[in-house]
Amino acid sequence: NATEDFLNALKGYMSSKDTLGIISTYNGLGTVKRKLNDTIQSLVYFKKALDYSNQLGNLETIINSYTNVGVGYRNLDSFDIALKYYQTALDLAHQNRLYHLEMRINLNMANIYGDLGDFQSALKSYYLSLQVCKQVGEEYGMLLNYKNIAFTYNTIKEYSKAKVFIDSALIYAEKLKLPGETAGVYLEYSIYYKGIGNYKEALDYFQKFYDLKES
C-alpha cells in the first residue's frame with residue numbers, strides 16, 4: 001500500500017542522506033495518514049518534514065512544511081495553533097514575494113476562519129488568495145476560491161452575492177474537466193436556489209449533484 005511504499009522510499013533516502021527526498025516522503029506519509037483519518041500520525045510526519053526542511057534551509061520547502069503542519073493541527077481542531085503555523089508561512093512567503101505560495105496559505109487560513117464561524121475573515125482571505133491566483137494564472141486555485149466564496153455567501157445567506165461566484169466556479173470546473181468539483185458547484189446552486197425560494201431549480205441542481213457524485 002501507499003504507506004509501505006513511502007516507508008521503503010524513506011529508508012532509501014535516509015541511507016543516501018537525501019534531505020529533500022526525506023522531506024518529500026514525510027509529507028507524502030502525512031498526506032496518506034490524513035486521508036486515512038489518522039490525524040495524530042499525520043501531524044507527526046508533517047512535523048518531521050518541517051524539522052528536515054529547517055535543516056535544509058530551502059525557503060519554499062520550509063514554507064510548504066509550515067503550511068502542512070498547519071493542516072495537521074486543523075485536522076485535530078486545534079485552530080489557534082494551525083493559524084500560527086499558517087501565519088509564519090504567510091509572512092515568509094510575503095516577505096520573499098513567493099506569491100504562488102501565498103495563495104495556498106490564504107486559502108487554508110480562510111478555511112479555518114470558516115470553521116471558527118468568522119466568515120468575514122474567511123472571505124477576506126479567500127479574496128486575497130483569488131487575487132494572487134488571477135495574477136499568476138492558477139486556474140485550479142481560482143476554481144477553489146470561487147467555490148469557497150460562493151459557499152461562504154450561501155452559508156451567511158447573502159444569496160445575491162453567491163450567484164456570481166457559483167457561475168464563475170462552474171466555468172472553471174468544466175474548463176478543467178473536474179467532475180468532482182463540478183458536483184460541488186451543483187450543490188452550491190441547489191443551496192442558492194433554495195435560499196431564494198426557487199425550489200424547483202434547487203431540486204434539479206441537487207439531482208445533478210447527486211447523479212454526478214454517484215458516477
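The following refers to the structure shown.

**Quick look at the overall build of the chain**
1) Next: For the chain, the count of helices and strands is 11 helices and 0 strands.
2) Next: Along the chain, from the amino end to the carboxyl end, the secondary structure elements read α-α-α-α-α-α-α-α-α-α-α.
3) Next: Dimensions of the chain along its principal axes, counting C-alpha atoms only, are 60 × 40 × 30 Å.
4) Next: Within the chain, the fraction of its 215 residues that count as buried is 45%.
5) Next: For the chain, restricting intrachain contacts to residue pairs at least 6 apart in sequence, the fraction spanning at least 24 positions comes to 48%.
6) Next: Element-wise, carbon and sulfur atoms account for 51% of the exposed surface of the chain, whose accessible area totals about 11,400 Å².
7) Next: Between the averaged position of the 23 positive side-chain charges in the chain and that of its 23 negative side-chain charges there is a distance of 1 Å.

**What about the packing of aromatic side chains?**
1) Next: As enumerated under the stated definition, the model contains 14 aromatic pairs in all.
2) Next: Taking 6.3 Å as the distance between ring centres and 20° as the angle between the ring planes, the aromatic pair formed by Y189 and Y193 counts as stacked. Separated by 4 residues within a single helix, Y189 and Y193 lie in helix α10 (residues 179-195), roughly one turn from each other. Like Y189, the residue Y193 is buried in the burial classification.
3) Next: Members of the aromatic cluster, each reached through a chain of ring pairs, are Y127, Y146, Y153, F165 and Y172.
4) Next: Positioned above the aromatic ring of Y186, the side-chain terminus of K208 is 5.7 Å from the ring centre.
5) Next: Here the guanidinium or amino end of K208 rests over the ring plane of Y205, the centre of that ring lying 4.7 Å away.

So, how was this worked out
Residue numbers restart at each chain and count upward from 1, following the sequence in its written direction. Local features in this predicted model are restricted to residues whose pLDDT is 70 or higher, and side-chain atom pairs enter the listing and the counts only when it is 80 or higher, whereas totals over whole chains, interfaces and linings include all residues. Working from all heavy atoms in the structure, the side-chain values ignore hydrogens and water. Here a helix means four or more residues in a row that DSSP labels H or I, a strand means two or more in a row labelled E, and each is numbered from the N terminus. Each residue is assigned to one of three classes by its accessible area relative to the maximum for its type, calculated with a 1.4 Å probe on protein chains only: buried under 20%, partly exposed between the two thresholds, exposed over 50%. We call two residues in contact when some of their heavy atoms are within 4.5 Å. Computed by Shrake-Rupley with a 1.4 Å probe, the accessible areas treat only the displayed protein chains as cover when residues are assessed. Asp and Glu count as negative and Lys and Arg as positive, but His and the ends of the chain are not part of the count. Note on charges: their place is set at NZ of Lys, CZ of Arg, CG of Asp or CD of Glu. Two rings from Phe, Tyr or Trp (for Trp, the six-membered ring) form a pair when their centres sit within 6.5 Å of each other. Planes less than 30 degrees apart are called stacked, planes more than 60 degrees apart edge-to-face, and all others tilted. In this scheme, Lys NZ or Arg CZ marks a charge over a ring once it lies within 6 Å of the ring centre and within 35 degrees of the ring normal.

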